[in-house]
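Report on the structure
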2 protein chains.
Amino acid sequence: MTTGADGRGLAGFARLLADPTRAGFCLALLDGRAWTAGELARAAGVAASTASGHLTRLVAGGLVVEERQGRHRYVRLADPGVAQLVEDLAARAPAPAAPPRTLRAASAGAALAYARTCYDHLAGRLGVLLHDALLDRGVLDRTGGLALTEAGMSWLDRLGVPVEPLRGTRRPLVRDCLDWTERRPHLAGAVGAALCGRFLDLGWTARGNGRAVRVTPAGRDALAEALGLDPVLLAAPATRVTGPARA
Amino acid sequence: MTTGADGRGLAGFARLLADPTRAGFCLALLDGRAWTAGELARAAGVAASTASGHLTRLVAGGLVVEERQGRHRYVRLADPGVAQLVEDLAARAPAPAAPPRTLRAASAGAALAYARTCYDHLAGRLGVLLHDALLDRGVLDRTGGLALTEAGMSWLDRLGVPVEPLRGTRRPLVRDCLDWTERRPHLAGAVGAALCGRFLDLGWTARGNGRAVRVTPAGRDALAEALGLDPVLLAAPATRVTGPARA
DNA sequence: CGGACCGTTCGGCGCGGCCCGAACCGTGCC
DNA sequence: GGCACGGTTCGGGCCGCGCCGAACGGTCCG
């Protein structure tokens, strides 16, 4: 019943994340997509055989689920709870001693700081902007905990995101998620995920490389309209020089 | 900024919990109290020298803070966030293969299943009962996320738990915490912690061994009154052999 | 002042697990 | 059919680290 009065269960579970390679896998999977075993191996810089073993352990431990298609082994985080766990742990982990910032990392960082997915919802400046706008519009309410208002439910409905189907799950409708780059909360939970998906479906946003997200030209005006914001606020990140990142 | 694109930071942090002894320390510290190094060593069944090294690592990693008094080294979890992290991880960890239930563990388990602290708030049947009663009384509201109502704030005020001082912190006022034994949510967050402390201050509850909590005779009537419940519901755990099967 | 007690440091031992390369299997494509 | 490719399995090497006991230092107390 209680999951082990001694620490063996907890330790065994934590050990899954206690290896740099496995931890790197999980961080990569935070983009919410399914990766193949080989992609993860290359991204982590280990041999395919090594990656294979790690994935088997992660699957056995319930952190990750796999789906075999032909000769590929697709793998993704088991559920949003796992994603949150990884985020929480990573947020507390001290930065690994003088991160060797390459130029590429820095410019990728700029795109990520502007907008990215946090597992399955929006993060970065865009995520925080969304969160703030929803508070301003009365979609969310914060007197005594974060909650979705009545007005918010019809707002979502008009956007094509009916709330009722989201209720069934054990997942909270709305939840705070502390933004790494902004150090302020953005919107997570079932509604946060549904909104992120809806924006992609509508073509208001599109995925960039990795976890990066960009706002499409059409999305810029539509989002501003829906949120009651000035479109200027949704301008792309500063590195306009090279044009928007490739889709 | 982002805490390490590679997994080294995360892995190093997770490794703190990846050892059964250190994990056991953290689980013990979930009672919210400060333990001495020796107490933890005995509880975990390791030599004092071993425990000393582990504690040094936990402190360096920020999971635990220490306070030296004379020849004692007192240690406790660094903050509620760490406690939540440990709880979340432990809840996901699979039970460690055939837990050797001793008689003593079983009877201690009964007390714990009735009422215990979950770091700094109430858990167990009592914690879930509290949570449900607060929903019934309209102190909490669950339409669209867990939130504290206006009525709830004045209810807390009458109880001697002013809400305003709780707002300053980054901690959410109210938060769900999944109960290990009941498999249903109980109340965590700043309000959950304040209530737990207030009940102890008022003498309505008292600490037992470890994380166990009991309701005092006076507290039984006072709690029932405050929550609008039948005092019978607050009866002690089933020393009464065939109590209702614990859900 | 001397003894009891708590905690730390150090040396040494042994296990576990992380890594790779090589060989093998199955799938998909030309 | 034959080749390219993704993934897995196996064996071997290596390093990290968790454990203990012994010795030492600091604190409290009689």
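Residues numbered from 1 in each chain as written. Chains lettered and ligands numbered in written order. Predicted model: local features only at pLDDT ≥ 70, side-chain atom pairs only at ≥ 80, totals over all residues. Heavy atoms only, no water.

Considerations on the overall build of chain A
Counting secondary structure elements, chain A contains 11 helices and 11 strands. Taken across its 247 residues, chain A has 46% of its residues classed as buried. Counted over contacts in chain A with a minimum sequence separation of 6, partners at least 24 positions apart contribute 56%. If you sum the accessible surface of chain A, you get close to 11600 Å²; carbon and sulfur atoms cover 55% of it. (Helix = DSSP H or I, 4+ residues; strand = E, 2+ residues; numbered from the N terminus. Buried < 20%, exposed > 50% of the residue type's maximum accessible area, 1.4 Å probe, protein only. Contact = heavy atoms within 4.5 Å. Areas by Shrake-Rupley, 256 points an atom, 1.4 Å probe, with all protein chains shown as cover.)

Points about the confidence of the model for chain A
Residue and element names in this part refer to chain A. With 86% of its residues at a pLDDT of at least 70, chain A reaches an overall mean of 84. No element of chain A has a lower mean pLDDT than helix H6 (residues 103-114), at 65, and none a higher one than helix H4 (residues 48-60), at 95. Low pLDDT, under 50, characterises residues 239-247; the stretch is placed with seven contacts to residues that sit more than four places away or in other chains. (pLDDT = per-residue confidence, 0-100.)

Let's talk about the nonpolar core
Among the nonpolar cores identified, the biggest contains 65 residues, and A:Leu58, A:Leu63, A:Leu77, B:Leu58, B:Leu63 and B:Leu77 are the most heavily contacted of them. Setting aside anything within four residues of it in sequence, one finds A:Leu77 in contact with A:Cys26, A:Leu29, A:Leu30, A:Leu63, A:Val64, A:Val65, A:Val82, A:Ala83 and A:Tyr119. Listed in part, the 36 residues of the second largest apolar core include B:Val174, B:Ala190, B:Leu195 and B:Cys196. (Core = buried A, V, L, I, M, F, W, Y, C linked by side-chain atoms within 4.5 Å.)

Describing the relation of the copies chain A and chain B
Mapping chain A onto chain B calls for a rotation angle of 179° and an axial translation of 0.1 Å; the resulting RMSD is 0.2 Å. Read as a symmetry element, the transformation amounts to a two-fold axis. Of the interface residues in chain A, 100% have counterparts in chain B that sit at the interface too, so the contact is made through matching surfaces. (Least-squares fit on C-alpha atoms with pLDDT ≥ 70 in both.)

A few points about the protein's contact with DNA strand D
Lining the immediate environment of DNA strand D, one finds 21 residues, of which A:Gly38, A:Ser52, B:Thr21, B:His54 and B:Arg57 sit closest. For DNA strand D, a phosphate oxygen lies 2.6 Å from a polar atom in the side chain of A:Ser52. At 3.3 Å from a phosphate oxygen of DNA strand D is found a side-chain nitrogen or oxygen belonging to A:Arg68. Looking at the surface near DNA strand D, the elements with two or more residues in it are helix H3 (37-44), H4 and strand S3 (72-77) of chain A together with helix H2 (20-29) and helix H4 (48-60) of chain B. Sorting elements by how many residues they give to the surface near DNA strand D places H4(B) first, with four residues. In the surface near DNA strand D, the residues fall into four nonpolar, 10 polar and seven charged. (Near = heavy atom within 4 Å. Polar contact = N/O pair within 3.5 Å; in protein donor to acceptor, adjacent residues only side chain to side chain. Nonpolar A, V, L, I, M, F, W, Y, C, P; charged D, E, K, R; others polar.)

Thoughts on the protein's contact with DNA strand C
The local shell around DNA strand C holds 21 residues, among which A:Thr21, A:His54, A:Arg57, B:Ser52 and B:Arg73 are the closest. Among atoms of DNA strand C positioned within 4 Å of the protein, sugar and phosphate together represent 70%. Taking A:His54, its side chain carries an N or O atom lying 2.4 Å from a phosphate oxygen of DNA strand C. Per-element tally for the surface near DNA strand C: the top contributor is H4(A), with four residues.

A few points about the interface of chain A and chain B
Counting residues at the interface gives 49 residues for chain A, matched by 52 residues for chain B. Carbon and sulfur atoms make up 66% of the area that chain A and chain B hide from each other, which totals about 4500 Å². Here chain A is connected to chain B by two salt bridges. Two residues, A:Arg92 and B:Asp79, come together in a salt bridge whose shortest N-O distance is 2.8 Å. Elements supplying a minimum of two residues to the side of chain A that touches chain B: helix H1 (8-17), helix H2 (20-29), helix H5 (80-92) and strand S7 (147-148) of chain A. Top contributing element to the side of chain A that touches chain B by residue count: H5(A), with nine residues. Within the side of chain A that touches chain B, the residues separate by chemical class into 27 nonpolar, 11 polar and 11 charged. (Buried area = accessible area lost by both parts, 1.4 Å probe. Salt bridge = Lys/Arg side-chain N within 4 Å of Asp/Glu carboxyl O.)

Let's talk about the packing of aromatic side chains
The geometry of an aromatic ring pair is captured by two quantities: the separation of the ring centres and the angle between the planes. Residue and element names in this part refer to chain A. Applying the stated criterion to the full structure yields two aromatic pairs over all chains. Relative to tryptophan 204, the ring of phenylalanine 199 lies with its centre 5.6 Å away and its plane at 20°, an arrangement referred to as stacked. Phenylalanine 199 sits in the buried class, given a relative accessible area of 2%. (Phe/Tyr/Trp six-rings, centres within 6.5 Å; stacked < 30°, edge-to-face > 60°.)

Structural notes on the sheet that holds strand S2 (residues 64-69) of chain A
Residues and elements named next belong to chain A. The three strands are arranged S1-S3-S2 in an open sheet whose pairing can be described as antiparallel. Looking at strand neighbours, the two that pair on one side only are strand S1 (35-36) and S2, the edges of this open sheet. Sheet topology note: the S2/S3 ladder contains six bridges and is antiparallel. Counted as the bridge partner of glutamate 66 is valine 75 from S3. In the packing of H4 onto the sheet, the strands contacted are S2 and S3, and the crossing angle to S3 comes to about 45°. (Pairing = 2+ DSSP bridges. Axes fitted to C-alpha atoms, helices over the stretch in contact; angles between N-to-C directions.)

A closer look at the packing of H1(A) against helix H1 (residues 8-17) of chain B
Put simply, H1(A) and H1(B) touch, their axes get as near as 8 Å, and they point 170° apart. Between H1(A) and H1(B), the angle falls in the class roughly antiparallel. Between H1(A) and H1(B), the residues in contact are A:Leu10, A:Ala11, A:Ala14 and A:Leu17 and B:Leu10, B:Ala11, B:Ala14 and B:Leu17, respectively. Here the residues of the contact of H1(A) with H1(B) sort into eight nonpolar, no polar and no charged. (Parallel < 35°, antiparallel > 145°, perpendicular 65-115°, else oblique.)

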